[in-house]
Amino acid sequence: MRPIEVLFFVFFSVFGFTADITVGNGSEDDFSNIQSAFDFAKNGDTILVKAGEYKISEPLNFNRLRNPADPDLSTVKNLRLLGGPNVIVRMSDIPADTARASVVIFENGETQLSVISGFVITGGSGTLHGNFQIGGGIFCKDSSPRITQCEIRENTLVKGDKF
């Protein structure tokens, strides 16, 4: 990220403005991977993902860095993740943790203000919950995100629900 962009994001984040963050492989893009954009984003930001296939080894998690015990990290960020017809998020054949191999995870109390729209979500094998591997494509626990215009396909499970 260029220094002027960092200054722009810091200024608008401090004063409560939201930002559009781009993910892609071009030099003009803010990030080259989606999770880094999530980690950087502030509540209310929009992450725009350019066409391409994004292969991941860990699930995408809007609030991966959230820590309820830390006042600075306790707030749930509601973000908008927007793709398009040619944006594919694929879990690696060898995920970092086979017990957490869903492509997308919502588990931190995200609300309907958290949106994922316009993605092909594929290759997941679920997240261990009790004795079952569930949520091959999307694992959702204690959250109610809005999922629109997504194609969730070719996800597998040994036991449980592939969605």
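The preceding data block contains the structure.
Because the structure is a prediction, the values reported are computed rather than measured.

## Brief notes about unusual backbone geometry
1) Next: The backbone phi angle of Asp142 is positive, close to 55°, even though this residue is not glycine.
2) Next: For Asp142, the position within the fold is in the loop between strand S13 (138-140) and strand S14 (146-148).
3) Next: On the basis of relative accessible area, Asp142 is assigned to the exposed category, the value being 62%.
4) Next: Residue Gln149 is not a glycine yet carries a positive backbone phi of 50°.
5) Next: Mapped onto the elements of the fold, Gln149 is located in the loop between S14 and strand S15 (151-153).

## Re the nonpolar core
1) Next: Ranked by size, the top nonpolar core spans 25 residues in total, and within it Ile34, Ile47, Val49, Leu81 and Phe119 carry the most contacts.
2) Next: Of all the elements in the fold, those that place two or more residues in this core are strand S1 (20-23), helix H2 (34-40), strand S2 (46-49), strand S3 (52-56), strand S6 (87-91) and strand S8 (104-106).
3) Next: Ignoring anything within four residues of it in the chain, the contact list for Val49 reads Val23, Ile34, Tyr54, Leu81, Leu82, Gly83, Val87 and Phe119.

## Topic: the sheet that holds strand S10 (residues 120-122)
1) Next: Reading across the sheet, the four strands line up as S3-S6-S10-S15 and stay open at both edges, with parallel pairing between neighbours. Edge positions in the open sheet fall to S3 and S15, since each of these has one partner strand only. Between one strand axis and the next, the sheet turns through 15° on average, direction left out of account.
2) Next: As paired elements, S3 and S6 share five bridges and run parallel to each other. From the neighbouring strand, Ile56 faces S6, where its bridge partner is Met91.

## Remarks on the environment of Val104
1) Next: Following the sequence through the fold, Val104 ends up in strand S8.
2) Next: Put simply, Val104 and Gly137 are 33 residues apart on the chain and 6.5 Å apart in space, counted from C-alpha to C-alpha.
3) Next: Discounting chain neighbours no more than four positions away, the residues touching Val104 are Leu60, Ile116, Ile121, Gly137, Ile138 and Phe139.

Cut-offs applied
Residues numbered from 1 in each chain as written. Predicted model: local features only at pLDDT ≥ 70, side-chain atom pairs only at ≥ 80, totals over all residues. Heavy atoms only, no water. Helix = DSSP H or I, 4+ residues; strand = E, 2+ residues; numbered from the N terminus. Buried < 20%, exposed > 50% of the residue type's maximum accessible area, 1.4 Å probe, protein only. Core = buried A, V, L, I, M, F, W, Y, C linked by side-chain atoms within 4.5 Å. Contact = heavy atoms within 4.5 Å. Pairing = 2+ DSSP bridges. Axes fitted to C-alpha atoms, helices over the stretch in contact; angles between N-to-C directions.

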